[in-house]
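Examining the three-dimensional arrangement
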Amino acid sequence: MAEYIEEEYFAPGHRACIGCGEALAVRLACKALGQNIIIVNATGCMEIVSSQLPYTSWRVPWIHTLFENTAAVASGIEAALKVMRGKGRGLAQEVNVAAIAGDGGTSDIGLQALSGAMERGHDFLYLCFDNEAYMNTGIQRSSSTPFGAHTTTSPAGRKSIGQFSWKKDMPAIAAAHKIPYVATACPSYPKDLMRKVEKGLKIRGPAYLHILSVCPIGWRCATDLTIKIGRLAVQTGVFPLYEVENGKYSLNLDLPQLKPVAEYLKLQGRFRHLSDEVIKEIQQRVEEEYAKLKEKMAG
Amino acid sequence: MVKKVGMETSVAIGEVVKRVNADVIAAYPITPQTHIVEHLAELVAEGELDAAFIPVESEHSAMSACLGAAAVGARTFTASAGQGLELMHEVLYVASSMRLPIVMAVTNRALSAPLSVWGDHSDAMAVRDTGWIQIFTENGQEVVDNVLCAFRIGEDPRVLLPVMVHLDGFHLSHMIEPILLPEPSQVAKFLPENKYPLPLDPSRPVTMGDFGPPVIYSEAKKAQEVNLRAAKEVVLECWNEFARIFKHSYHPVECYRSEDAKVLLLAMGSFCETAMVAVDKMRGEGKAVGLLRLRLWRPFPFEEIRKAAQAAEVLIVLDRAISFGGPGGPVCSEVRSALYPLDKRPKVIGFVGGLGGRDITPDGFEAIISRGIEIAKKGSKEEFEIFGVRE
Ligand SMILES: Cc1ncc(C[n+]2csc(CCOP(=O)(O)OP(=O)(O)O)c2C)c(N)n1
Ligand code: SF4
Ligand SMILES: [Mg+2]
């Protein structure tokens, strides 16, 4: 991979909020996706901030249709390009296909379409930009919202600690489809992210990349802390960076000593209400999950 | 001379899709559409059709995959019915609004609940306003001919819209009839290559499916409406050209013994063939009755309906769907409002019948016509009557 890719395919001048980790992640991913690409985008923040008529932020072919069908649209494109090339019609060269969606568009409403597309083995790269809630519609919970987080539909209150369930393990669900490549990434580690996008694109068959994307609006954090919070998510073990290649797990950033989860939580207003006891519970869970992941590395 | 071959309508549809050399078929099985997609899967598996057959996990994904395929310029086909068409609902709007030519055969089926796999037009009427061109057919030959026409109409650069060909579930989809399939040389003459003007292409990046703020949304919708209405000319042109090559002609409203008729019945789909038997019998008895068969449902053929119906005294419309709590069947209320501006117009009497696979025999049609005449004279307590229902 080139040290630094100057080209911008996701043009500046989009309407994302200040400090948006998702827009940064998309920008980095686009650099690695390059020009020979067709992007399918789900409804959500990134679609809304980038495509308001009569403007567009996209310097590559891009299509948005609906919220939950991104993987299905991508599979239609991929299959069509392949068969038409065989018939000598359509695009002469092989073109890559990428689908991009938020955590809601991926782990909730779009899960069926994604599962179908992965199971059928389409040659495409799916990128989930996980900001841990439905941000576009005003910070409602998704199944990817972490335990204890305050959102507008999992509000903290006298009888509620906020999000009542543990974050759905979407990369594990993707890996369970036994696709050739699954990885996690975070724009706080830009080179790692771009390397994984390039790799996912090269691999034949479905590839799935799950990208943690800090959202200052929804996470109630300072807009200049996006990179730091992303790093802390990794360094505390809340969001480990790893790859699953043909079923083989590898950790990209093994940390001999995890930082305390509290360091990550305390910078975010969405966790402000949590008691020490609940934070301890989260700490324990993170350690358990991290240990399980390391077992997979060994196995 | 090409010969008619006895075959199931569903299989014949597959044969047409093969002859037009479709690129992508994405479909999900539902009774009574299954034989269409099974046959297509077989054709692809045997190498007789060089296409991608995408066995998607739902109808929502079927139509979504079709969107993607059409957006890169592929010739795209799918088929569905009933619940499947309903599950596609939101995607149907996107297909037409984004001007993606997709051809879909709909084996019309009733909607749950109670679950019914049998035919009526509830599914078609539920997608009435999705912006698709919609054609109704009455027998296997019409299905075959109009599936072929659908590709030509939808892909025409002046149109670029998706097209539904409706055929009654079981009554048509599962019938074995003598069918004349188009010859490859005829197809080559009739159907140009699909050249989608602005496909997704890295050498010419386009943004498709943007976010439309209020300052632009109305204009986008107006453009869509103008485009769909204007498509009628292309439909007519296509059917004329079809008649020239295949010696069989189609019209937005087919008139059967209607010229001097005082009483007209209007129906859609395969029931028309039975209704013709009833009309013949009543004509034999000296009654001035005739039949209008509404073929082009969208864009709605206002002029043709007015011309065909204005001289009659009574127009009886049979719907195979209910607009619950509304004015009656959707077809009746549209026909009635199409005729309303005329100074002289027939009384329009609405019936609903043939729901969930319930048959209507020639005697039944005779009874509908007689009752319609009676209502025209004396009125009815109801906004519309359901034919043959047990109280
Ligand atoms: C069928 C359907 N249901 C609901 C919506 C409303 N909606 C649009 S975007 C969105 C949330 C998007 O969340 P996510 O996928 O996490 O993306 P984000 O905006 O957070 O980047 C919702 C609920 C919709 N557009 N379509
Ligand atoms: S709401 Fe969050 S994810 Fe959406 S644009 Fe703003 S910062 Fe980015
Ligand atoms: Mg989100």
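For the structure itself, consult the block above.
Reading guide: rules and limits
- Residues numbered from 1 in each chain as written.
- Chains lettered and ligands numbered in written order.
- Predicted model: local features only at pLDDT ≥ 70, side-chain atom pairs only at ≥ 80, totals over all residues.
- Heavy atoms only, no water.
- Salt bridge = Lys/Arg side-chain N within 4 Å of Asp/Glu carboxyl O.
- Helix = DSSP H or I, 4+ residues; strand = E, 2+ residues; numbered from the N terminus.
- Buried < 20%, exposed > 50% of the residue type's maximum accessible area, 1.4 Å probe, protein only.
- Phe/Tyr/Trp six-rings, centres within 6.5 Å; stacked < 30°, edge-to-face > 60°.
- Contact = heavy atoms within 4.5 Å.
- Buried area = accessible area lost by both parts, 1.4 Å probe.
- Polar contact = N/O pair within 3.5 Å; in protein donor to acceptor, adjacent residues only side chain to side chain.
- Nonpolar A, V, L, I, M, F, W, Y, C, P; charged D, E, K, R; others polar.
- Pairing = 2+ DSSP bridges.

In this section: the pattern of salt bridges. Residue and element names in this part refer to chain B. This model, assessed by the stated rule, comprises 47 salt bridges over all chains. Between Arg 158 and Glu 237 there is a salt bridge, with the nearest N and O atoms lying 2.8 Å from each other. Taken together, the residues Arg 158 in the loop between helix H7 (140-155) and strand E7 (163-168) and Glu 237 in helix H9 (residues 214-246) connect sequence positions 79 residues apart. According to the relative accessible area criterion, Arg 158 is partly exposed, its value standing at 47%.

To describe a pair of aromatic rings, one takes the distance between the centres and the angle between the planes. Scanning the entire structure with this criterion turns up 15 aromatic pairs over all chains. Here the aromatic rings of A:Tyr126 and A:Tyr208 are separated by 5.8 Å at their centres, their planes lie at 10 degrees, and the arrangement is stacked. Taken together, the positions of A:Tyr126 in strand E4 (residues 125-130) and A:Tyr208 in strand E8 (residues 207-212) put the pair 82 residues apart, joining distant regions of the chain. Just as A:Tyr126 is buried, A:Tyr208 falls in that class too. When the centroid spacing of 6.0 Å and the interplanar angle of 90 degrees are considered together, the rings of B:Phe271 and B:Phe365 count as edge-to-face. Residue B:Phe271 is found in helix H10 (residues 271-284), and its partner B:Phe365 is found in helix H13 (residues 362-378); the two are separated by 94 residues along the sequence. Each of the two residues, B:Phe271 as well as B:Phe365, counts as buried. Three or more aromatic residues joined by ring pairs form one cluster here, namely B:Phe190, B:Trp239, B:Phe242, B:Phe246 and B:Tyr250.

With that settled, consider the interface of chain B and chain A. In this assembly, 43 residues from chain B lie in contact with 41 residues from chain A. Of the roughly 3200 Å² buried where chain B meets chain A, counting both sides, 65% is carbon and sulfur surface. Linking chain B with chain A are 4 salt bridges. Two residues, A:Arg89 and B:Glu193, come together in a salt bridge whose shortest N-O distance is 3.5 Å. In this structure, the connection of chain B to chain A is made through 16 residue pairs in polar contact (both at pLDDT 80 or more). Among the elements that take part in the side of chain B that touches chain A, helix H3 (residues 59-71) of chain B stands out by supplying 8 residues, more than any other. When its residues are assigned to classes, the side of chain B that touches chain A shows 24 nonpolar, 11 polar and 8 charged. One ladder, built from 2 bridges, connects strand E2 (residues 62-64) of chain A with strand E9 (residues 207-208) of chain B; its direction is parallel.

All we've got here are geometric facts, nothing functional implied.
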